[in-house]
Amino acid sequence: MNATFLIEQLLNGLGYGFMLFMLAAGLTLIFGVMDTMNLAHGTIFMLGAYFAAELFTRTGSFPLAIALAVVLTMVIGALMEIALMRKLYARNHLNQVVATFGVILIADDLVKWIWGPSAVMANTPAALAGPITLFGDLVYPAYRLLILAAGLAVAALLYWIVNRTRIGMLVRAGASNRMMAELMGVRVKTVFTLIFVVGAALAGLAGALMGPLTSVQIGMGESILIPALVVIVIGGIGSVRGCFVAALLVGLVDTAGRAFITPMLRSLATPALAADVGPALASVVMYVLMAVVLSFKPNGLFPARG
């Protein structure tokens, strides 16, 4: 284990953290401002991956495929908010969970009908398929560097929107005190639709960028939704700043656990035992992080309320 390996894992953790941030940022605003549990948010992530893979195959242009995939997920998010979510705002969380879980089941069947049950391989653009030498003997995949750059750009843009624009002021007001924002004349329906569409765009972008790194398959949205919910709980519901910090923490901790726990166990136990126990321990590291944070900060690191 040398410095190059440590830097590679650090970059991998940051990249994973940025993906979690793009997925969780919209979800924390939906939950924090709209007080609505949307389990189907991961489905939009999955659709973004499928759309980008299909459009890249058809057009041959990676930027165009990403842009069109984001637009399509925004349209789906708007339709979903108007047709379904508006009817759930006044319902309790159990009704919201059951209804959005139904959306997951319907979407999975539709994807299976359109693309088939097998995984779809999303191609990496030729210009980003090879590695780049950063310094010394550190060689890192160009596509992962693109994800890092995209994550930084999205984080900076979202920070500017939330903290420097009137729309962001309304969002922060709703997250801090939704009832007072309504009494002050905020057009709640318009703000809710905007938040939902922005959240869908971020989830679609995350899915489109994640596709070339993993196989695009049914259920990929549900598997990444759990870490996204962990990020929201650690960061504080409704807080974009908390979501960003928590996403990077979860990304780094989860990547470090998968990279270092099994090798450490090999030095203490038999290789067979390390191979069996290591992945299991690595999978619970982020939950341990959540438990530690909540023991000191029950409302998360940067709660929007309180």
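Since the structure is predicted, the reported quantities are computational estimates derived from the model, not experimental observations.

Q: Residues and numbers for the overall build of the chain, please.
A: Across its full length, the chain holds 12 helices and 2 strands. Reading the secondary structure of the chain in the N-to-C direction produces α-α-α-α-β-β-α-α-α-α-α-α-α-α. If you line up the chain on its principal axes, its C-alpha atoms span 60 × 50 × 35 Å. Within the chain, contacts between residues at least 6 apart in sequence are counted, and of these 78% link residues at least 24 apart. Carbon and sulfur atoms make up 70% of the accessible area of the chain, which amounts to about 14800 Å² in all. Between the averaged position of the 17 positive side-chain charges in the chain and that of its 11 negative side-chain charges there is a distance of 13 Å.

Q: Now, about the nonpolar core: what can you tell me, with residues and values included?
A: Membership of the largest hydrophobic core comes to 77 residues, with the highest contact counts inside it found for Phe21, Phe45, Ile66, Leu209, Val231, Ile234 and Val250. In terms of residue count, helix α8 (residues 188-210) provides more of this core than any other element does, 13 residues in total. Each residue touching Val250, except ones within four places of it in the same chain, is listed here: Leu20, Val230, Val231, Ile234, Met286 and Leu289.

Q: Describe in detail the pattern of salt bridges, supporting the description with residues and values.
A: Here the structure, examined in full by the defined rule, presents 3 salt bridges. The partner of Asp254 in a salt bridge is Arg258, with the nearest N and O atoms 3.0 Å apart. Note that Asp254 and Arg258 are positioned in helix α10 (residues 240-266) at a spacing of 4 residues, about one turn of the helix. Owing to a relative accessible area of 5%, Asp254 belongs among the buried residues under this scheme. Classification of Arg258 by relative accessible area gives exposed; the value is 51%.

Q: Lay out the pairing of strand β1 (residues 131-135) with the relevant residues and their values.
A: Taken together, the 4 bridges between β1 and strand β2 (residues 138-141) define a ladder with antiparallel strand orientation. Bridge pairing links Ile132 to Tyr140 in β2. Connecting β1 to the antiparallel partner β2 that follows it, the hairpin turn spans 2 residues, and Gly136 within it adopts a positive phi of roughly 60°.

Q: Please provide a residue-by-residue account of helix α5 (residues 142-164), values included.
A: Taking 1.5 Å as the rise per residue, α5 with 23 residues should run 33 Å; its terminal C-alpha atoms sit 32 Å apart, in good agreement. Along α5, the residues classified as buried are Ala142, Tyr143, Ile147, Leu148, Ala150, Gly151, Val154, Ala155, Leu158 and Val162.

Q: So what about the packing of aromatic side chains? Which residues, and what values?
A: Summed over all chains, the structure comprises 7 aromatic pairs. Aromatic side chains Phe5 and Phe260 sit 5.7 Å apart centroid to centroid with 80° between the ring planes, which places their arrangement in the edge-to-face category. One end of the pair, Phe5, is in helix α1 (residues 3-34); the other, Phe260, is in helix α10, with 255 residues separating them in the sequence. Connected via pairs of aromatic rings, a cluster forms that spans Phe18, Phe21 and Phe244.

Q: Could you give me a rundown of the packing of helix α9 (residues 220-235) against α10, with the residues and numbers involved?
A: Axis separation between α9 and α10 bottoms out at 8 Å; the angle between their running directions is 125°. What the angle tells us is that α9 and α10 run oblique. As α9 packs across α10, the resulting crossing turns out to be right-handed. Contacts from Val230, Val231, Ile234 and Gly235 of α9 reach α10 at Gly242, Cys243, Ala246, Ala247 and Val250. A per-class count over the contact of α9 with α10 returns 7 nonpolar, 2 polar and no charged.

Q: Lay out helix α4 (residues 93-115) in plain terms, naming residues and giving numbers.
A: Counted at 1.5 Å a residue, the expected span for α4 with its 23 residues is 33 Å, and the 32 Å between its end C-alpha atoms agrees. Lining the buried residues of α4 we find α2 (41-59) and α9. In this structure Asn92 caps α4, since a side-chain oxygen of it lies 3.1 Å from the backbone nitrogen of Leu94.

Q: Run through the side chain of Ser239, naming residues and quoting values.
A: Looking at where Ser239 falls in the secondary structure, it is placed in the loop between α9 and α10. The class for Ser239 is buried, based on a relative accessible area of 10%. Side-chain polar atoms of Ser239 contact the backbone nitrogen of Gly242, separated by 2.9 Å.

Q: I'd like a description of the environment of Thr193, backed by residues and values.
A: Here Thr193 lies in helix α8. The buried category is assigned to Thr193, whose relative accessible area is 16%. Placed 108 residues apart in sequence, Thr193 and Met85 show a C-alpha to C-alpha distance of 9.4 Å.

Q: Describe the environment of Lys297, naming the residues involved and giving the relevant values.
A: Looking at the element boundaries, Lys297 is found in the segment after α12 (285-296). For the pair Lys297 and Ile234, spaced 63 residues apart in sequence, the C-alpha separation works out to 8.6 Å.

Q: Go over the environment of Pro212 with me, naming the residues and quoting the values.
A: Its location among the elements puts Pro212 in the loop between α8 and α9. Through-space distance from the C-alpha of Pro212 to that of Ala52 is 9.6 Å; in sequence the pair is 160 residues apart. Discounting residues that sit within four places of it in the chain, Pro212 has contacts with Phe62, Ala122, Asn123, Thr124 and Tyr143.

The rules behind these values
Residues numbered from 1 in each chain as written. Predicted model: local features only at pLDDT ≥ 70, side-chain atom pairs only at ≥ 80, totals over all residues. Heavy atoms only, no water. Helix = DSSP H or I, 4+ residues; strand = E, 2+ residues; numbered from the N terminus. Contact = heavy atoms within 4.5 Å. Areas by Shrake-Rupley, 256 points an atom, 1.4 Å probe, with all protein chains shown as cover. Lys, Arg positive; Asp, Glu negative; His and termini not counted. Charge placed at Lys NZ, Arg CZ, Asp CG, Glu CD. Core = buried A, V, L, I, M, F, W, Y, C linked by side-chain atoms within 4.5 Å. Buried < 20%, exposed > 50% of the residue type's maximum accessible area, 1.4 Å probe, protein only. Salt bridge = Lys/Arg side-chain N within 4 Å of Asp/Glu carboxyl O. Pairing = 2+ DSSP bridges. Expected span 1.5 Å × (residues − 1). Phe/Tyr/Trp six-rings, centres within 6.5 Å; stacked < 30°, edge-to-face > 60°. Axes fitted to C-alpha atoms, helices over the stretch in contact; angles between N-to-C directions. Parallel < 35°, antiparallel > 145°, perpendicular 65-115°, else oblique. Left-handed = near helix turned anticlockwise from the far one by under 90°. Nonpolar A, V, L, I, M, F, W, Y, C, P; charged D, E, K, R; others polar. Polar contact = N/O pair within 3.5 Å; in protein donor to acceptor, adjacent residues only side chain to side chain.

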